Amino acid sequence: MQADPYQAVRGEMAALRHQVTGVRGCVIAGVDGLLILHDTVSSTEPHDIAALAAGAHGISRTCGAALGQGTFQEVTIRNTGGYLSVYAIGELALLAVIGDSGLNIARLHLEARPVTARLARLLNVPTAHPFD
């Protein structure tokens, strides 16, 4: 039986879900919206989350360029029932985190930012990441 080449990546996603109360799942997607991996207990289809993450990334990237604020790092969308936070994993991938309404968003940011740097290394994604 062949070992899972993404075991360490899956471990990072599972750890984030277990370390931060309220995290319902994590999705890694390309900036094009294609699903790469997921670890979710959310009822939402992971492919849909990947597409939403890419959309949030696109709008945020455009805002950053229009305002002269540099490259995309992260965006958080808050709704009455929870959160979607999207973080850059290098230049080509995204970490989308789904949270319920009890999510401590400050704790998520604190935990997720270094995770994205580790994920960029594990996935061998080109990076100009501030958390490297």
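Residues numbered from 1 in each chain as written. Predicted model: local features only at pLDDT ≥ 70, side-chain atom pairs only at ≥ 80, totals over all residues. Heavy atoms only, no water.

## Description of the environment of valine 31
No. 1: Tracing the chain through its elements places valine 31 in the loop between strand E1 (23-30) and strand E2 (35-40).
No. 2: Through-space distance from the C-alpha of valine 31 to that of alanine 93 is 5.3 Å; in sequence the pair is 62 residues apart.
No. 3: Among residues more than four places away in sequence, those in contact with valine 31 are Ala54, His57, Glu91, Leu92, Ala93 and Leu94. (Helix = DSSP H or I, 4+ residues; strand = E, 2+ residues; numbered from the N terminus. Contact = heavy atoms within 4.5 Å.)

## Description of helix H2 (residues 46-66)
No. 1: The end-to-end C-alpha distance of H2 is 30 Å, a good match for the 30 Å that 21 residues give at a rise of 1.5 Å each.
No. 2: For H2, the complete set of buried residues consists of Pro46, Ile49, Ala50, Ala53, Ala54, Ala56, His57, Gly58, Ser60 and Gly64.
No. 3: Of the surrounding secondary structure, the elements contacted by the buried residues of H2 are E1, E2, strand E3 (74-79), strand E4 (82-89) and strand E5 (93-100). (Expected span 1.5 Å × (residues − 1). Buried < 20%, exposed > 50% of the residue type's maximum accessible area, 1.4 Å probe, protein only.)

## Some details on helix H3 (residues 105-123)
No. 1: Its 19 residues place the ends of H3 25 Å apart at the C-alpha level, agreeing with the 27 Å of an ideal helix rising 1.5 Å per residue.
No. 2: Elements in contact with the buried residues of H3: helix H1 (7-19), E1, E3, E4 and E5.
No. 3: Capping of H3 at its N-terminal end is provided by asparagine 104; its side-chain oxygen lies 3.2 Å from the backbone amide nitrogen of alanine 106.
No. 4: Looking one or two places after H3, you find asparagine 124, whose phi comes out positive at around 55°. (Polar contact = N/O pair within 3.5 Å; in protein donor to acceptor, adjacent residues only side chain to side chain.)

## Observations regarding the nonpolar core
No. 1: In terms of nonpolar packing, the biggest core is built from 22 residues, with Leu16, Ile28, Leu95, Val97 and Leu108 touching the most fellow members.
No. 2: Within the residue set of this core, elements represented by two or more residues are H1, E1, E4, E5 and H3.
No. 3: Among the elements that take part in this core, H3 stands out by supplying six residues, more than any other.
No. 4: Other than its neighbours up to four places away in sequence, valine 97 contacts Leu16, Val23, Gly25, Cys26, Tyr83, Leu84, Ser85, Tyr87 and Leu108. (Core = buried A, V, L, I, M, F, W, Y, C linked by side-chain atoms within 4.5 Å.)

## Describing the sheet that holds E2
Strands in a sheet are paired, the pairing made by backbone hydrogen bonds, and the direction either parallel or antiparallel.
No. 1: In spatial order, the strands read E2-E1-E5-E4-E3; together these five strands make up an open sheet with antiparallel pairing. Each having just a single partner strand, E2 and E3 make up the two edges of the open sheet. Geometrically, the sheet is characterised by an average inter-axis angle of 15° between neighbouring strands, direction not taken into account.
No. 2: Bridge count for E1 against E2 is five bridges, and the pairing is antiparallel. Paired with cysteine 26 across the strands is aspartate 39, a residue of E2.
No. 3: Contacting E1, E2, E3, E4 and E5, H2 crosses the sheet at an angle of about 110° to E5. (Pairing = 2+ DSSP bridges. Axes fitted to C-alpha atoms, helices over the stretch in contact; angles between N-to-C directions.)

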